[in-house]
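# Close look at the chain arrangement
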Amino acid sequence: MSLRYVAIRAGMLVVTVLMSSLAIYGAMFLTPGDPATLLVGGSRDPDPAVLAQIHREYHLDDPFVQGYWHWLGNCLRGDFGRSLVYRDSVAGLIGARAGDTLALVAYAAVLVLAVGTLIGTVAALRGGRIEALATTVTAGAMAVPTFVMSVLLIWLFAVKLPWFPVYGSGEGFTGTLTHLTLPAVALAMTWIGYVAQVTRTAVRAEMRSEHVETARSRGVPEWTVIRRHVLHNASGPVFAVSGVGIAGLIATAAVAEQAFGTGGLGALMIEAAAKQDMAVVQAVSLIFVVVFVVINTTVDLVSAVLDPRTAQKGAL
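Residues numbered from 1 in each chain as written. Predicted model: local features only at pLDDT ≥ 70, side-chain atom pairs only at ≥ 80, totals over all residues. Heavy atoms only, no water.

### Quick notes on helix H5 (residues 128-143)
Taking 1.5 Å of rise per residue, the 16 residues of H5 would be expected to cover 22 Å, and the 23 Å separating its terminal C-alpha atoms lies within 8% of that figure. Of the positions making up H5, those classed as buried are Glu131, Ala134, Thr138 and Ala141. Across the axial projection of H5, the buried residues extend over an arc of 95 degrees, all falling on one side. Counted as exposed and oriented over 90 degrees from the buried face of H5: Gly128, Arg129, Leu133, Thr136 and Ala143. (Helix = DSSP H or I, 4+ residues; strand = E, 2+ residues; numbered from the N terminus. Expected span 1.5 Å × (residues − 1). Buried < 20%, exposed > 50% of the residue type's maximum accessible area, 1.4 Å probe, protein only. Arc of directions from axis to C-beta.)

Okay, here's the thing in structure tokens:
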């Protein structure tokens, strides 16, 4: 992997984050209504002097460019401002809820990697009815949205079979694991289907490749052929789609958090948006964008290491 390719990917990361932050600030800047009225109880005739003071304190009257650079500069220093609704620093609110989102996404990512690659590998190696069944099930999982899967899981495993709790994030390792199982499954199901499909296709393609046939003709044990030649060479596309899937989990975590009441960053952003708490919405959106872009860039770089042809194409 050349330094030129790394520089190109780093430059794309910076540009993407800047453009996304500009879009986030612009969307909130153009949102109708006056957030300052929240601090005066939503009165129809608030005191103009009080509103003017709030506008100055929270820079609500700054021109677009000035307000954007002021906000972005503070964000780069870790200062996301103060919440209009919660009357607390946005950084403190994010810190209190980030752990729940991180645990949920990590749990779902483990399910995506473990279950998706296992189903795809077994389907490709066994073939026949097992492959047909796996293909059908994973295709169905890909077609079901997260919010629909959440409702189905709640109905089955909380109402009909009361095996799992469906609200909160729990306490301690065991409590957290139990509370986050259903939301993690709901969040991961779509990407399990994608990873399983890509794994099956990649393993199938490698099993028909010339170097695998050559290894078999030389008497190399079948398990060694599968482990060293098939699975190793199929890891590139599997890793790429898995990385995109993990980034996708972050983007859709808010749906599962709202459905199961886990109280993470996604739920915080939705609550803040409903109350026009711009500082919170902007900060959480920016964090999601940065994490999403960093994960995708990391996946690209690692994929380039696994398959140097990717870096050569990207550097042209």
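From this point, things continue past the structure.
### Re a nonpolar patch on the surface
Taken together, the side chains of Val15, Met19, Leu22, Phe29, Leu30, Phe64, Val65 and Trp69 define a hydrophobic patch exposed on the protein surface, amounting to about 810 Å² of accessible area. Looking at the nonpolar patch, the elements that each hand over two or more residues are helix H1 (3-29) and helix H3 (64-76). The greatest single-element share of the nonpolar patch, amounting to four residues, is contributed by H1. Overall, phenylalanine 64 belongs to the partly exposed group, its relative accessible area being 31%. (Patch = residues over 30% accessible without salt bridge, like charges linked within 9 Å, V, L, I, M, F, W, Y side chains within 5 Å. Areas by Shrake-Rupley, 256 points an atom, 1.4 Å probe, with all protein chains shown as cover. Salt bridge = Lys/Arg side-chain N within 4 Å of Asp/Glu carboxyl O.)

### Things to note about the nonpolar core
A general trend in soluble globular proteins is that nonpolar side chains are found buried together. With 39 residues, the main nonpolar core has Leu249 and Val284 as its most contacted residues. Elements supplying a minimum of two residues to this core: H1, H3, helix H4 (90-126), helix H7 (172-207), helix H9 (222-260), helix H10 (265-274) and helix H11 (278-306). In terms of residue count, the dominant contributor to this core is H4 (nine residues). Setting aside chain neighbours within four positions, we find leucine 249 in contact with Val105, Ala108, Ala109, Val112, Leu187, Ala188 and Trp191. Ala202, Val203, Ala234 and Val238 belong to the second largest nonpolar core, which has 10 residues in total. (Core = buried A, V, L, I, M, F, W, Y, C linked by side-chain atoms within 4.5 Å. Contact = heavy atoms within 4.5 Å.)

### Remarks on the pattern of salt bridges
According to the stated counting rule, one finds three salt bridges in the structure shown. A salt bridge links arginine 97 to glutamate 271, with the nearest nitrogen and oxygen atoms 3.5 Å apart. Taken together, the residues arginine 97 in helix H4 and glutamate 271 in helix H10 connect sequence positions 174 residues apart. By relative accessible area, which is 29% here, glutamate 271 ends up partly exposed. Across the pair arginine 204 and glutamate 131 runs a salt bridge, and its minimum N-O distance is 2.8 Å. Residue arginine 204 is located in helix H7, and its partner glutamate 131 is located in helix H5; the two are separated by 73 residues in the primary sequence. Exposure remark for glutamate 131: the relative accessible area of 13% places this residue in the buried category. It is possible to trace a salt-bridge network through shared partners that takes in Glu131, Arg200 and Arg204.

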